[in-house]
Amino acid sequence: MSGAGLDLERSGWPLEQAGAAMLALSKRAGLAPRPVAIPSLPEAVDARQETQLGPWMESLASWFGIEAERIDSAYSSVEHLIRGLAPALVRITQGGRTSLLALAGFRAGRVLLLGPDLEVRAVPAREIRAALCAELEAPHAAKIDAMLDMAGLRSRRRERAKLAILSRLLGRANVGDCWILRLPPGAPFFAQLRAAGLGGKAAALALVHTAQYVLNLASWAMLGQGALQGRIDMGLLLAWALLFVTQVPFRVLESRAQGLFAIDAGGLLKRRLLHGALRLAPEEIRAEGAGGLLGRVIESEAVESLALGSGIGGLIAIVELAVCAFVLSKGAGAATELVLLALWSLLSVFMVRTFLERSRDWTATRLAMTNDLVERIVGHRTRLAQQAPENWHRGENEAVSEYIAHSERMDASAARIAALLPSGWLVVAMLGLVPTLLSAPASAPSLSSGSLAIALGGILLASGALGRLAGGLTSLGGALIAWKQVAPLFDAAARIELTASPDLACSASSELPGSALLEARDVTFRYRERGESVLRGCTLRMEAGERILLEGGSGGGKSTLGALLAGLRSPETGLLLLHGLDRSTLGAEAWRRRVVAAPQFHENHVLSGMFAFNLLMGRVWPPSQEDLEEAEAICRELGLGALLERMPGGLMQMVGETGWQLSHGEKSRVYIARALLQNADLVILDESFGALDPETMRKAMRCVDQRARALLVIAHP
Ligand SMILES: Nc1ncnc2c1ncn2[C@@H]1O[C@H](COP(=O)(O)OP(=O)(O)OP(=O)(O)O)[C@@H](O)[C@H]1O
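Residues numbered from 1 in each chain as written. Predicted model: local features only at pLDDT ≥ 70, side-chain atom pairs only at ≥ 80, totals over all residues.

Points about the overall build of the protein chain
On a plain count of helices and strands, the protein chain comes out with 23 helices and 16 strands. In summary, the protein chain has a C-alpha radius of gyration of 33 Å against a globular reference of 27 Å for 717 residues, an excess of more than 25%. Referenced to the eigenvectors of the C-alpha coordinate spread, the extents of the protein chain come out at roughly 105 × 85 × 50 Å. Taken across its 717 residues, the protein chain has 31% of its residues classed as buried. Taking contacts inside the protein chain between residues at least 6 apart in sequence as the whole, the part at least 24 apart equals 78%. (Helix = DSSP H or I, 4+ residues; strand = E, 2+ residues; numbered from the N terminus. Rg over C-alpha atoms; globule rule 2.2 N^0.38 Å. Buried ≥ 20, exposed ≤ 12 C-beta atoms within 10 Å, placed from the backbone. Contact = placed C-beta atoms within 7 Å.)

Brief notes about the sheet that holds strand β8 (residues 518–525)
In spatial order, the strands read β9-β8-β11; together these three strands make up an open sheet with antiparallel pairing. Taken across any chain shown, the strands that pair with only one partner, and hence form the sheet edges, are β9 (535–542) and β11 (573–578). When the angles between neighbouring strand axes are averaged without regard to direction, this sheet yields 15°. Summarising the sheet, β8 and β11 pair through five bridges and their orientation is antiparallel. Note that in β11 the partner of L518 across the bridge is L578. (Pairing = 2+ DSSP bridges. Axes fitted to C-alpha atoms, helices over the stretch in contact; angles between N-to-C directions.)

Topic: the sheet that holds strand β16 (residues 711–715)
Backbone-to-backbone hydrogen bonds pair the strands of a sheet. The strands run either parallel or antiparallel. If you walk across this open sheet you meet the four strands as β10-β16-β15-β12, and the pairing is parallel. A strand with exactly one partner marks an edge of an open sheet, and here the two such strands are β10 (547–551) and β12 (595–598). If you compare each strand with its neighbour and ignore which way they point, the axes differ by 15° on average. Where β10 meets β16, five bridges bridge the pair, whose relative direction is parallel. The partner of R547 across the bridge, within β16, is L711.

Focus on the UniProt feature "transmembrane region" (unreviewed entry) in the protein chain
The UniProt entry lists residues 234–253, 306–328, 334–356, 417–438 and 450–470 under the feature "transmembrane region" (unreviewed entry), expressed in the numbering used here. Span residues 234–253 is 100% helix and 0% strand, its end C-alpha atoms 30 Å apart. End C-alpha to end C-alpha, residues 417–438 measures 32 Å, and it is 100% helix and 0% strand. (UniProt positions renumbered as here; feature names shortened; annotations may be inferred.)

Thoughts on the nonpolar core
Counting residues in each nonpolar core, the largest one holds 56 residues, and the members touching the most others are V595, I672, A673 and V683. Here the element with the most residues in this core is helix α22 (residues 664–676); it accounts for six residues. With residues near it in sequence (within four places) discarded, V595 still touches L565, A566, G567, L578, A680, D681, L682 and I684. Among the nonpolar cores identified, the runner-up in size contains 47 residues, and L31, L89, L100 and C178 belong to it. (Core = buried A, V, L, I, M, F, W, Y, C linked by C-beta atoms within 7 Å.)

Topic: the pairing of strand β5 (residues 110–114)
When strand β4 (residues 97–107) meets β5, the two strands line up antiparallel, connected through four bridges. In the sheet register, F106 faces β5, and the bridge partner there is V111. Turn length for the β4-β5 hairpin, with the two strands adjacent in sequence and antiparallel, is two residues, and the turn residue A108 shows positive phi of about 45°.

Topic: helix α9 (residues 234–279)
The end-to-end C-alpha separation of α9 is 68 Å, in line with the 68 Å expected for 46 residues at 1.5 Å each. Taken residue by residue, α9 has E254, A257, Q258, A265, L269, R272, L273 and G276 as its buried positions. (Expected span 1.5 Å × (residues − 1).)

Regarding the packing of helix α11 (residues 334–378) against helix α14 (residues 449–492)
Taken N-terminus to C-terminus, the directions of α11 and α14 make an angle of 25°; their axes are 9 Å apart at the nearest point. Relative to α14, the element α11 is oriented roughly parallel. Where α11 crosses over α14, the two elements pack in a sense that is right-handed. Note on element contacts: α14 touches α11 through A455, G458, A462, L466, L469, A470, L473, T474, G477, G478 and I481, opposite E337, L341, W344, S348, V349, V352, F355, L356, S359, R360 and T363. Its residues assigned to classes, the contact of α11 with α14 shows 13 nonpolar, seven polar and two charged. (Parallel < 35°, antiparallel > 145°, perpendicular 65-115°, else oblique. Left-handed = near helix turned anticlockwise from the far one by under 90°. Nonpolar A, V, L, I, M, F, W, Y, C, P; charged D, E, K, R; others polar.)

Describing the site of the ligand
All residues adjacent to the ligand are E283, Y527, V534, G552, S554, G555, G556, G557, K558, S559, T560 and H716. It is helix α16 (residues 558–565) that contributes the most residues to the shell around the ligand, three residues altogether. (Near = placed C-beta within 6 Å.)

Topic: the domain arrangement of the protein chain
Segmenting the protein chain into domains produces domain 1 (8–182), domain 2 (189–492) and domain 3 (509–715). Each of domain 1 and domain 2 was reduced to a C-alpha centroid, and the two centroids are 44 Å apart. (Domains from an automatic or database assignment.)

Let's talk about the pairing of β16
Taken across its five residues, β16 has four buried, putting it largely inside the fold. Sheet analysis places strand β15 (residues 682–686) next to β16, joined by four bridges and oriented parallel. Its bridge partner lying in β16, D686 is registered against I714. The handedness of the β15 to β16 crossover, carried by helix α23 (residues 694–707), is right-handed. (Right-handed = clockwise from strand over helix to strand, strands pointing away.)

What about the packing of helix α8 (residues 198–228) against α9?
The N-to-C vectors of α8 and α9 enclose an angle of 160°; their axes lie 8 Å apart at closest approach. One way to sum up the angle between α8 and α9 is to call them roughly antiparallel. Where α8 crosses over α9, the two elements pack in a sense that is left-handed. Looking at side-chain class alone, the contact of α8 with α9 contains 21 nonpolar, eight polar and four charged residues.

Concerning the UniProt feature "domain: ABC transporter" (unreviewed entry) in the protein chain
Using the residue numbers shown here, the UniProt feature "domain: ABC transporter" (unreviewed entry) corresponds to residues 518–716. Its end C-alpha atoms 22 Å apart, residues 518–716 is made of 36% helix and 23% strand.

Details of helix α20 (residues 625–637)
Over its 13 residues, α20 extends 18 Å from the first C-alpha to the last, a length consistent with the 18 Å expected when each residue adds 1.5 Å. Listing the buried residues of α20 in full gives E630, A631, I634 and C635. Seen end-on, α20 carries its buried residues on one side only, within an arc spanning 140°. Structural note: α20 exposes Q625, E626 and E629 on the side pointing more than 90 degrees away from its buried face. Residues of α20 that are buried sit in contact with α19 (611–616), α21 (641–646), α22 and α23. Phi turns positive one or two residues past the end of α20, at G639, with a value near 85°. (Arc of directions from axis to C-beta.)

Comments concerning the environment of A302
By secondary structure assignment, the location of A302 is in helix α10 (residues 282–329). Look at A302 and you get partly exposed, because 18 C-beta atoms sit within 10 Å.

Details of unusual backbone geometry
Across the junction of A86 and P87, the peptide omega takes the value 0°, indicating a cis bond. The topology assignment puts P87 in the loop between α4 (78–84) and β3 (88–94).

Notes on the environment of G553
With respect to the helices and strands, the residue G553 is situated in the loop between β10 and α16. Using a count of 9 C-beta atoms within 10 Å as the deciding quantity, one classes G553 as exposed. When the C-alpha atoms of G553 and T336 are compared, they prove to be 83 Å apart, with 217 residues separating the residues in sequence.

Below you can see the structure in the form of structure tokens.
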């Protein structure tokens, strides 16, 4: 790419300084990177290739305790890339030289670039755009110019037409590699909220709401005062209308601010929960069951909609109540009304608490029913075949009756809140005015219709605010109940994964000289804390290129050893070394990249999606043409050629639960292909050949033997 306007000498970072650029940019963005030494780019990493620079950037980021997410920067979205993605690093090539731009922000049509001298320069966005797109646009420029000359277009119209044609031609072409820097999903949540600027957004929301509310009050106060003084004229009405109309933009701003806050906070929450789900140990998932996990997912929706939707409204009602208290303090019977408002607010909290207790029981029943239903769906075929029809619906009526009973109690409580709180307040507050009215002539001769009107206005306002408060508290309480289900996923996201230094994580040859490919020394493992050891004093040494067959009786611990070697479980005692390095030195992810396992049939899955995705999920998705060709070649070597021909979509055929159904033997070969396609140093196949006929098994073994660098096959004798 070439772009005369952008001075890469001053604003670009040489690729060798990627670490320094990431550290400086993340510090400036308030991401608080870990104070560790800056690793230098290993010679083995060719930074001009995305497949090599990408993993380097990602491991650099985890080394600093932040996250670098690569995003597709298509020509059509380059404006968005430039304006909205800071802090981000963008790779750019200009005059044959490749560097990184550190995007620190965007202000008034200018991109803030952090340079290697740590100065921030504001560069016009169009210069960055031109520099990023120049190389892509160059081959088309002459042709488009000639066409526009013929059309006789000049100046701005010509520019617009050129841009439109280029967008059509290059819409999805990649303009350069871009990594957004941010806090990882497991970082403290408040830090994430702060980094996303949500504190400011919440303050803006409260401010806009207060302004709108005060304007509303002022408009009615002015009209009321005029009416009481008998001065309703055109001027007053115009002033009222003006104040009233001024609220409209504030209302629009408020719903926008509320929506934006909910979207941003909801996005962070979802990201964290997804991350948490991937941090759960296999045992935790298994103990939970599909129904229990589905219940958690449903409740996470409830947390988001209740806490971020109506819950925000409830918090805003507190502002309204404060304003109501102020209004009441200026009206007739101020002291009594204020005491009554405080008591009624307390009553609201009490009633909401009762509602929440009932809601908790209802939620527990509902989740138990969800769990039961999912278990029944999962085991549907087994039940059809093996359970007597008269037992299919046993216990269902009792469960539904219990659910209905809880629903009725909860609904009655909700109805009491909705009916009693706002209208009950009106009655009590009006009664509170009676003593003041009765004693007015004697004790307060100055009781004016004005102070009475203020008191009435305050009472009406408080009725609305109390209704909203009860609604908001109910939602927040509901969110808290749902939170109990969601918290384990949320907390799991903060579990620390072992991180290697980027040099080790990325270099292809990190082995210590003279070390074995894989070594297990005196390894012990048990599933439960006080349970019996499944593995005791297990020792194994495996050299590069070796093929090992691991045989043994059922339940002997073969799969457990396979899972330990693949880094899916950690040994209780003993040492596991890969190329002479242990897991904490190499990092959990790097270990899993180098030792790939195809678990036993019941532990492995065909995911609903394309056949190609199921083969290539261990690589970058979407795949390159070479990836697809290699996947197809392996499939054919494994004897899946006939299947590819049969499936109308070939490699792009949808498979999985809702797609094309694969047979047992076909699935097991997909699992083998999936493992082989990850180019690991060692492939572990756990009972992968059990479902194959002798001829297909020979074919599959030949393929595996030719493709795997080192192989551990687990099988029954
Ligand atoms: N998640 C688990 N929780 C508790 N115990 C487990 C778990 N997985 C396996 N076990 C127990 O550990 C022992 C070893 O199981 P493992 O699956 O490793 O044996 P295996 O040799 O692979 O058996 P098979 O040849 O039947 O597949 C068994 O007694 C099994 O019941």
